[in-house]
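# Working through the structure, step by step
Listed below, chain by chain, are the residues.
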Amino acid sequence: MAIAGSPQPELHRMLRRLDFPQSAKEALACLEQLCLPLAHTRPPTSKQLDYIGEIIDEFVFCEIDHKGAKRKRLNPIQELQLLEVLLGYFAAGEDRVILNTVFMMLFTPPHTPSPSPSPSPSGFARTDVFTPGTATATLSDRMRILARLVSAAVASRNLAVLNCTGVWMQQLGCLSQHSLNLSRVFIEDYFVLNTPQSNITSTSCLEELPQLAPHFTACFLTAAAELYGGIDGNRSAYISPPAYLLNTIVNWVSSNPRLCLTPLTLNLQPLLPKGSIVMTSVTPLAGLLKWCVEAPLNPSQEKAFPVKFEKTKESKPEWDENSNYSQLHSSLLESMQERSVLQSQQQLLQAEVISPRHLVTLVRGLLDSCVKNNTNNEKIQLSLDRLAQSVQVAQSSGCLYGNTHELMQALRTLPYNRLLDIVVRRYS
């Protein structure tokens, strides 16, 4: 079916004769045909977008009736039916460009807010990031369905949905409010409400996620690091991540040194509709580095779960968390060193791996933490050592791109640390 510039009432009439969820299933098939020329031939016109939007609003999400009036939201059973239809549609698809086009049409908000480091009341407050059961409370119906779709896709290993979600997150921005909200629901579903001790589901799907969907995993890591670290803006207070989330990320990054660089190695241009501009990717490195740097000064009260790397039997429980962050810090340094390898193999598409601006935000947050912990010099020195090592490796591996003058000025405001002093003198 070719798209036309004028409405096609016969298509509406055909879909209205069907009951939900069959109507949603057929609407997705129609959308695929409508999006076919848009994906491979030409950008859509405003009339085409309006017509596609009408189909989506009325027959997929059932937000309006045939007169354009608002409907009641889908009930829980209907939402489950819609999730099943969406999972089936994307799993059966073969053309990734078409799937990405349909996915973007379904879930891209009409007005995308600017990236927000500290989610506002329209989203959620970072001071109460995870009260179990509240992740979807402020989301729109469509975003709530998307969040549940992603959680279901992880459980069912639906790679098509996860690949489309990774593209969606990068195009909207992994630090945007929408990506943060989506990641918040995913964290609640898999790392807060469901832990290894809950015995609700197997954790194997999480362990395999970096291999199954590396681009989605890397985009999720960027958003998750932002939720707790807050590196994309003004000084945002560090919040300790849940122990199970931390342990999982440690295992992911330790086992996959190039995982954090995945957004810089995947060429999205052939996967997007004609005329699309690939948005700049952001790696999770700066956000996760902030976790490691801030952790000694902001210990979590949550008990850690066992991780895969070896620990001595003599290790005391209070050192479990520090072992996690030490391992994560070491793995992040290794990840940064992979940049030079990928560059020599011409597999890296963009030069900027870590923004100096994000490290400046990290330094300012660390300065606040040092002031609050001014009596504990040992922990302050540990944090400063990790920061100095991070800056040194980032510089030597070429991960820092652009003017670092502001960063060096910010580093001088921190308490004295021998290693940090050497690094600042070398690169100033």
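Residues numbered from 1 in each chain as written. Predicted model: local features only at pLDDT ≥ 70, side-chain atom pairs only at ≥ 80, totals over all residues. Heavy atoms only, no water.

### Side note on the packing of helix H2 (residues 22–40) against helix H4 (residues 76–92)
Threshold: Every axis corresponds to a line fitted to the C-alpha atoms, with the helix fit spanning only the stretch in contact, and the corresponding angles, defined between N-to-C directions, vary from 0 to 180 degrees. Here a strand is any run of E in DSSP of at least two residues, a helix any run of H or I of at least four, and the numbering for each starts at the N terminus. Left-handed describes a crossing whose near helix is turned anticlockwise from the far helix by less than a right angle; the clockwise case is right-handed. In this description, contact between two residues means that some pair of their heavy atoms is separated by no more than 4.5 Å.
The geometry of H2 relative to H4 is characterised by a closest axis approach of 10 Å and an angle of 35° between their N-to-C directions. Classified by chirality, the crossing of H4 by H2 is right-handed. Where H2 approaches H4, its residues Ala24, Lys25, Leu28 and Glu32 are matched on the opposing element by Leu82, Val85, Leu86 and Tyr89.

### Comments concerning the pattern of salt bridges
Definition in use: Should a side-chain nitrogen of Lys or Arg be within 4 Å of a carboxyl oxygen of Asp or Glu, the pair is scored as a salt bridge. Only protein chains enter the accessibility calculation, which uses a 1.4 Å probe. A residue is then buried if its area is under 20% of the maximum for its type, exposed if over 50%, and partly exposed in between.
Inspection of every chain in the model, using the stated rule, returns 11 salt bridges. Here Arg157 ties to Glu208 by a salt bridge, and the two come within 3.2 Å at their closest N and O atoms. Here Glu208 lies in the loop between helix H9 (204–207) and helix H10 (209–212) and Arg157 lies in the loop between helix H6 (141–156) and helix H7 (159–172), a separation of 51 residues in the sequence. In this structure Arg157 comes out as partly exposed when scored by relative accessible area, which is 34%. For Glu208, a relative accessible area of 33% puts it in the partly exposed group. One salt bridge connects Glu338 with Arg258, and the closest N-O pair in it is separated by 2.6 Å. With Glu338 in helix H15 (residues 320–344) and Arg258 in the loop between helix H12 (243–255) and helix H13 (262–265), this pair connects stretches of sequence that are 80 residues apart. Note on Glu338: relative accessible area 15%, which makes it buried.

### Topic: the state of the cysteines
Note the cut-off: The definition used for a disulfide is geometric: two cysteine sulfur atoms within 2.5 Å.
As enumerated under the stated definition, the model contains zero disulfides in all. Looking at Cys174, it has no disulfide partner, and the nearest cysteine sulfur is the one in Cys219, 3.6 Å off. A relative accessible area of 6% places Cys174 in the buried class.

### Re the packing of H7 against helix H8 (residues 177–192)
Rules: Relative orientations are named as follows: roughly parallel for angles under 35 degrees, roughly antiparallel for angles over 145 degrees, roughly perpendicular for angles from 65 to 115 degrees, and oblique for any other angle. The residue classification treats Ala, Val, Leu, Ile, Met, Phe, Trp, Tyr, Cys and Pro as nonpolar and Asp, Glu, Lys and Arg as charged. All others, Gly included, are polar.
Contact geometry for H7 and H8: axes closest at 8 Å, N-to-C directions at 140°. Relative to H8, the element H7 is oriented oblique. Judged by residue contacts, Thr165, Trp168, Met169 and Leu172 of H7 engage His178, Ser179, Leu182 and Ser183 from H8. Classifying every residue of the contact of H7 with H8 gives four nonpolar, four polar and no charged.

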